[in-house]
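Commentary on secondary and tertiary structure
What follows is each chain in one-letter form.
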Amino acid sequence: MKKPEEEASLLEDYVSDSVDHRGSPAAKSSTGGWRSAWFIIGVEVAERFAYFGIACNLINYLTGPLGQSTAAAAVNVNTWSGTASMLPILGAFVADAYLGRYRTILAASLIYILGLGLLTLSASLILTGESEQRVNVSAKPSVSVNILFFCSLYLVAIGQGGHKPCVQAFGADQFDSGDPKEVISRGSFFNWWFLSLSAGISLSIIVVAYVQDNVSWAYGFGIPCLFMVMALVMFLLGRKSYRYPKGNREESSNAFARIGRVFFVAFKNRKLSLAGSGLGQGLLEDGPSEKHSGRLEFLAKAMIAREDGAEPCSGRDVEDAKALVRLIPIWITSVVSTIPYAQFMTFFTKQGVTVDRRILPGLEIPAASLLSFIGVSILISVPFYEHVFLPLARMITKKPFGITMLQRIGVGMVLSSFNMVLAALVETKRLNIAREHGLVDKPDVTVPMSIWWFAPQYLLLGMIDVFSLVGTQEFFYDQVPTELRSIGLSLSLSAMGLSSFLSGLLITVIDWATGRNGGENWFNTNLNRAHVDYFYLLLAAFTAIAFIAFLFISKLYVYRRVDQ
């Protein structure tokens, strides 16, 4: 008979809520941890290479081979980017409620590869003229080629929607939330995850953008397709080392039904009183005590037993529902504060096209290549954050994590607002130089201003990512129930998606308002007559307002405890 000490030691060698690829309890010695995480990080690096190989230069493809105006192309890019960032909610729902993360990643990868393959085909048709024989070379592509292009583009968005939330959540699942050492490693995972994928993004922007601008758009879309195939192969290679959360394999526990029932029962019990019910306190810590008479009293009513004999909801279910409700205000402020983020693949790139892009005599870089500075900034910022900023923060705050997740997000918001002011100043200088040299009505002539003037705003974007974007992902992953962590990550991604839609809406409204009656259109196709600088200042103001609201909300926020 085993001694209690031996049984305890045996339990410590296995992860309680995960299984291995055979369905047996996951042993810490042979599954999970960094050995599995690096496979998954490699998959994400290849996927990000593929995604940004399409996204980074998309506006130039729309205004070039497809012949769209700058404003229309910017709206199309924002709409596609927003859709790609909103679809992870659907992908996460499918993963958490039905397929599980592993199978969802496999299915999404196949859709992704199909979309990229068709995208390459559409670019080839435009180049070879196989869609139709066009005598006029300047004519726009046929309707059928446009349909093929946009259908394949949105197939990529669908594939990314299933891939993005599940891969990152699956990577974080490789660390045991019940092991203090692995919890700290999981925090580092989010930082090193972002650093690694930034290297893939930077490589994609430098290589793919150059191929697209100087060799062929067909090759420029085909290379990302090849990398997505490599991502799928790499993911399959790590199959035997992964930890698979039990929740993904158990259909008997549906978190959506469990938490959704809280709202339904609370509504049915809305006329009942909590007085004398004897209900205990919730599973909350690290924040002000929230009594049932507080802001979410109506949800606590789901625990009241009814006379008809219906089973009341458990305290855990109610606390999980409260945790989701408390995320909504944070999510809303995140949406507003990330609207500026939508600009780096649209107007930032178009501005770069107008200036002197020579970095060496005879060597001119594509405007989209400046996006690589975001990756360079992240490659510098993550080690700085891990090895300099966090140790100093721990010394000052006496907390193991240095700063809270909400404080990290708040720093990113401040940097985002400042960056928009900086971008506006740089654009004002570009416009002044264009006027001084008489180039206002000569949009095809290069403005004698070095492209290096735009580098600081790209470098700041990388710092914003390290604070705001990574902080938001870790926050939403940590603050939702274990079974809904794919949904948690998709919420952070959907904030960026909705901000892209809002950016597109703002552009459409401002384009109409400023361009009517012969006024000065802020988004004139001739950027030397446009006023993108005004738009940047407007976004800076929006972000500042969102930050003020965020400060108020974060002071009232109550962190949830790790699932028990």
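Residues numbered from 1 in each chain as written. Predicted model: local features only at pLDDT ≥ 70, side-chain atom pairs only at ≥ 80, totals over all residues. Heavy atoms only, no water.

Thoughts on the overall build of the chain
When helices and strands are counted, the chain shows 18 helices and seven strands. Expressed as a percentage of its 564 residues, the buried residues of the chain come to 54%. At a minimum sequence separation of 6, the contacts of the chain that also span at least 24 residues come to 81%. Summed over all atoms, the accessible surface of the chain reaches about 24,400 Å², with 65% contributed by carbon and sulfur. (Helix = DSSP H or I, 4+ residues; strand = E, 2+ residues; numbered from the N terminus. Buried < 20%, exposed > 50% of the residue type's maximum accessible area, 1.4 Å probe, protein only. Contact = heavy atoms within 4.5 Å. Areas by Shrake-Rupley, 256 points an atom, 1.4 Å probe, with all protein chains shown as cover.)

Considerations on the sheet that holds strand β3 (residues 244–245)
Spatially, the three strands line up as an open sheet ordered β2-β1-β3, and their pairing is antiparallel. In this open sheet, the two edge strands, each paired with only one partner strand, are β2 (25–27) and β3. Sheet analysis places strand β1 (residues 14–19) next to β3, joined by two bridges and oriented antiparallel. Of the residues in β3, the one forming a bridge with S18 is P245. (Pairing = 2+ DSSP bridges.)

A few points about a nonpolar patch on the surface
Together, F384, V388, L392, M395 and I396 make up an exposed nonpolar region whose accessible area comes to about 540 Å². Relative to the elements of secondary structure, L392 occurs in helix α14 (residues 372–397). The exposure class assigned to L392 is partly exposed, which follows from its relative accessible area of 48%. (Patch = residues over 30% accessible without salt bridge, like charges linked within 9 Å, V, L, I, M, F, W, Y side chains within 5 Å. Salt bridge = Lys/Arg side-chain N within 4 Å of Asp/Glu carboxyl O.)

Points about the confidence of the model for the chain
Low-pLDDT portions of the prediction should not be read for the details of their coordinates. Per-residue pLDDT for the chain has a mean of 79; in total, 88% of the residues score no lower than 70. This model gives residues 248–252 a pLDDT under 50, and the stretch forms 10 contacts once residues within four places in sequence are excluded. The model gives residues 280–293 a pLDDT under 50, and that stretch makes 31 contacts with residues more than four places away or in other chains. (pLDDT = per-residue confidence, 0-100.)

Quick word on the environment of T333
Following the sequence through the fold, T333 ends up in helix α12 (residues 315–337). On the basis of relative accessible area, T333 is assigned to the buried category, the value being 5%. Placed 220 residues apart in sequence, T333 and I553 show a C-alpha to C-alpha distance of 9.2 Å. Not counting the four nearest positions on each side in its chain, T333 is found in contact with M413, A546, A549, F550 and I553.

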